[in-house]
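# Coordinates in review
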Amino acid sequence: MRARIFALLAYAGAAVTLIVAACVPFVLMGLITKGVAHAGLHVDDSYSGGVIARTLSRTGYHIDVYQPVRPRALQALDPFVQIAFRPAASLPARVSEDIDLDGDGQPDVRVCFTVPSDPHARPTGTVVALNSKYKSFTMPGSYSFSQLMVHSGDAIIVRVPMTESETP
């Protein structure tokens, strides 16, 4: 009889342990989320594109121009400026824009691309530098983290590489 009671208690303890183990992530998720939020952690600018410096309004869409992103120590990254065309669904089939990246009132690059009908396909186009601060490129072409043109979420993201002479 005693062995039977111990076996029953062991099974009951195992069941309670499984229930607690299954519930702990849900209970602790709120605490973990609050802890991370208070820790001040954020996605590095080299991944997020940095902070939006200004927004240019166009008919049916807008263009977010980000602050320049420069590599930190030990980052294998070329400096770049990110541009986001939003919302992607409202963009014309062919986009051609002269954009002032540094806020001096003069266009710095001419961005031309075709918006693909498939949201998973990469846009094709060119970025033409209108001064020596930035580099021109064509997509498809060589891909790098500092030089790209992609459809991401509800935006077409373009990263324009900066010349080395413009970095501190």
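Attention here is on the structure that accompanies the text.

Analysis parameters
- Residues numbered from 1 in each chain as written.
- Predicted model: local features only at pLDDT ≥ 70, side-chain atom pairs only at ≥ 80, totals over all residues.
- Heavy atoms only, no water.
- Helix = DSSP H or I, 4+ residues; strand = E, 2+ residues; numbered from the N terminus.
- Contact = heavy atoms within 4.5 Å.
- Buried < 20%, exposed > 50% of the residue type's maximum accessible area, 1.4 Å probe, protein only.
- Phe/Tyr/Trp six-rings, centres within 6.5 Å; stacked < 30°, edge-to-face > 60°.
- Pairing = 2+ DSSP bridges.
- Salt bridge = Lys/Arg side-chain N within 4 Å of Asp/Glu carboxyl O.

Position of Val 115 among the secondary structure elements: in the loop between strand E5 (109–114) and strand E6 (124–129). Setting aside anything within four residues of it in sequence, one finds Val 115 in contact with Ala 88, Leu 91, Pro 92, Ala 93 and Val 95.

Moving on, we get to the environment of Ile 157. Residue placement: Ile 157 occurs in strand E9 (residues 155–161). On the accessibility criterion, Ile 157 (10% relative accessible area) is buried. As for Ile 157 and Thr 59, which are separated by 98 residues in sequence, their C-alpha atoms are 18 Å apart. Contacts of Ile 157, omitting those with residues within four sequence positions, involve Gln 82, Ile 83, Ala 84, Arg 86, Leu 148, Met 149, Val 150 and Ser 152.

Counted under the stated rule, the structure contains one aromatic pair. Taken together, a centroid distance of 5.0 Å and an interplanar angle of 75° make the contact between Phe 85 and Phe 113 edge-to-face. Remark: Phe 113 occurs in strand E5 and Phe 85 occurs in strand E3 (residues 80–86); sequence separation between them is 28 residues. For Phe 113, a relative accessible area of 0% gives the class buried.

Here the focus is the pairing of strand E1 (residues 52–58). As paired strands, E1 and strand E2 (residues 61–66) are joined by six bridges and run antiparallel to one another. Its bridge partner lying in E2, Ser 57 is registered against His 62.

On inspection of all chains with the given rule, the structure shows four salt bridges. Note that Arg 110 is salt-bridged to Asp 98, the shortest N-O span being 2.8 Å. Of this pair, Arg 110 sits in strand E5 while Asp 98 is found in strand E4 (residues 94–99), placing the two residues twelve residues apart along the sequence. Assessed through its relative accessible area of 33%, Arg 110 is described here as partly exposed. Classification of Asp 98 by relative accessible area gives partly exposed; the value is 37%. Of the charged contacts, one joins Lys 133 and Asp 102 as a salt bridge, the two residues approaching to 2.4 Å between their closest N and O atoms. On the criterion of sequence distance, the pair formed by Lys 133 in the loop between E6 and strand E7 (137–139) and Asp 102 in the loop between E4 and E5 is long-range, its members being 31 residues apart. With relative accessibility at 25%, the residue Lys 133 sits in the partly exposed group.

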